[in-house]
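Structure assessment
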Amino acid sequence: YFERAQKLLAALEEVVPGEESSFFACQLAEKSGRLSKARDAMVSLISKHPQKPVYRYGLASLLADQGKIDQAYAAWLDAVEVTPIEDQNRQNFLFYANYCQLVPDQQVSQFHFDWGREIREKSASNRLADASSVKRNGKIRIGYLSADFRMHSVSMFFYNILKHHDRDRFEI
């Protein structure tokens, strides 16, 4: 698989020379287990293109995947200095902050609360339902949707949430 990908990458470099193919090469090195090579390539991309946040976020993810959570956290902070954090990267940042020894629990909680507030504020004007459709028979109607309800650890934990809903107050 990786040998074939390496050949395709060589062909890509002819069509898309430069940093994009270098980024793909970095990702290929990571996925094929050549983590030091991937890290060095990502650091090189950052030095050549310091204003491109995708490389900084890539380095943070790479370090986190290697179990270097404290270094990954520092890389996330470095990335945030260059550009506001996007939702997908924020999700990863919050996940890794949970395991970083450098971040006190209260700060991790505050990160989560702040992001929740931002999401709530963004979505306040995009309400899909009015109050009359939310309640039926005096119960609040709740629907859950996730790709993680199939073969994913989330589904294992979610069962108890559903099981313990107050059926007198909520319609699931």
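Residues numbered from 1 in each chain as written. Predicted model: local features only at pLDDT ≥ 70, side-chain atom pairs only at ≥ 80, totals over all residues. Heavy atoms only, no water.

1. Digging into the overall build of the chain
If you tally the helices and strands in the chain, you get 9 helices and 3 strands. For the chain, the α and β elements follow one another from N to C terminus as α-α-α-α-α-α-α-α-β-β-α-β. Taking as baseline every contact in the chain between residues at least 6 positions apart, the subset at least 24 positions apart corresponds to 44%. (Helix = DSSP H or I, 4+ residues; strand = E, 2+ residues; numbered from the N terminus. Contact = heavy atoms within 4.5 Å.)

2. What to know about a nonpolar patch on the surface
On the surface, Tyr-144, Phe-149, Val-154, Ile-161 and Ile-172 cluster together into a nonpolar patch covering about 380 Å² of accessible area. Residue position: Val-154 is located in helix H9 (residues 153–163). (Patch = residues over 30% accessible without salt bridge, like charges linked within 9 Å, V, L, I, M, F, W, Y side chains within 5 Å. Areas by Shrake-Rupley, 256 points an atom, 1.4 Å probe, with all protein chains shown as cover. Salt bridge = Lys/Arg side-chain N within 4 Å of Asp/Glu carboxyl O.)

3. Examining the pattern of salt bridges
A pair can form between side chains of opposite charge whenever their charged atoms are brought close. Taken as a whole and judged by the stated rule, the model has 4 salt bridges. Taking the shortest distance from any N to any O, the salt bridge between Arg-39 and Asp-40 comes out at 3.5 Å. The class of Arg-39 is partly exposed, set by a relative accessible area of 24%. A relative accessible area of 46% places Asp-40 in the partly exposed class. In this structure, the salt-bridge partner of Arg-56 is Asp-78, at a minimum N-O distance of 2.3 Å. (Buried < 20%, exposed > 50% of the residue type's maximum accessible area, 1.4 Å probe, protein only.)

4. Quick word on the nonpolar core
Nonpolar side chains tend to gather and get buried jointly when the protein is soluble and globular. Met-42, Tyr-55, Tyr-73, Trp-76, Phe-93, Val-103 and Phe-111 are the most contacted members of the largest nonpolar core, which totals 29 residues. Here this core gets 7 residues from one element, more than from any other, and that element is helix H4 (residues 53–65). When near neighbours in sequence (up to four residues on either side) are disregarded, Tyr-73 contacts Phe-93, Ala-97, Cys-100, Val-103, Gln-107 and Phe-111. (Core = buried A, V, L, I, M, F, W, Y, C linked by side-chain atoms within 4.5 Å.)

5. Topic: the packing of aromatic side chains
The relative placement of two aromatic rings is captured by the distance of their centres and the angle of their planes. Overall, the coordinates contain 6 aromatic pairs when judged by the stated rule. On the numbers, 5.3 Å between centres and 55° between planes, the contact of Phe-23 with Tyr-55 is tilted. One end of the pair, Phe-23, is in helix H2 (residues 19–31); the other, Tyr-55, is in helix H4, with 32 residues separating them in the sequence. By the burial criterion, Phe-23 is buried, and Tyr-55 matches it. Residues Trp-76 and Phe-93 carry aromatic rings whose centres are separated by 6.3 Å and whose planes lie at 70° to one another, so their mutual orientation is edge-to-face. Of the two residues, Trp-76 sits in helix H5 (residues 69–82) while Phe-93 sits in helix H6 (residues 87–97), which places them 17 residues apart along the sequence. Overall, the relative accessible area of 6% leaves Phe-93 in the buried class. Grouping aromatic residues by their ring pairs yields a cluster made of Tyr-57, Tyr-73, Trp-76, Phe-93 and Phe-111. (Phe/Tyr/Trp six-rings, centres within 6.5 Å; stacked < 30°, edge-to-face > 60°.)

6. So, the side chain of Glu-30
Along the chain, Glu-30 falls in helix H2. Not counting residues within four places of it along the chain, the set of residues in contact with Glu-30 comprises Leu-35, Ala-38, Leu-62 and Asp-65.

7. Some points on the environment of Phe-111
With respect to the secondary-structure elements, Phe-111 resides in helix H7 (residues 105–123). Judged by its relative accessible area of 19%, Phe-111 falls in the buried class. In this structure the C-alpha to C-alpha distance between Phe-111 and Arg-90, which are 21 residues apart in sequence, comes to 9.5 Å.

8. A look at the packing of H4 against H5
In the contact formed by H4 and H5, the axes pass within 8 Å of each other and the chain directions differ by 170°. Relative to H5, H4 is oriented roughly antiparallel. Note on element contacts: H5 touches H4 through Ile-69, Gln-71, Ala-72, Ala-75, Trp-76, Asp-78, Ala-79, Val-80 and Val-82, opposite Arg-56, Tyr-57, Ala-60, Ser-61, Leu-63 and Ala-64. Taken together, the residues that form the contact of H4 with H5 break down as 11 nonpolar, 2 polar and 2 charged. (Axes fitted to C-alpha atoms, helices over the stretch in contact; angles between N-to-C directions. Parallel < 35°, antiparallel > 145°, perpendicular 65-115°, else oblique. Nonpolar A, V, L, I, M, F, W, Y, C, P; charged D, E, K, R; others polar.)

That is the geometry; function is a separate question.
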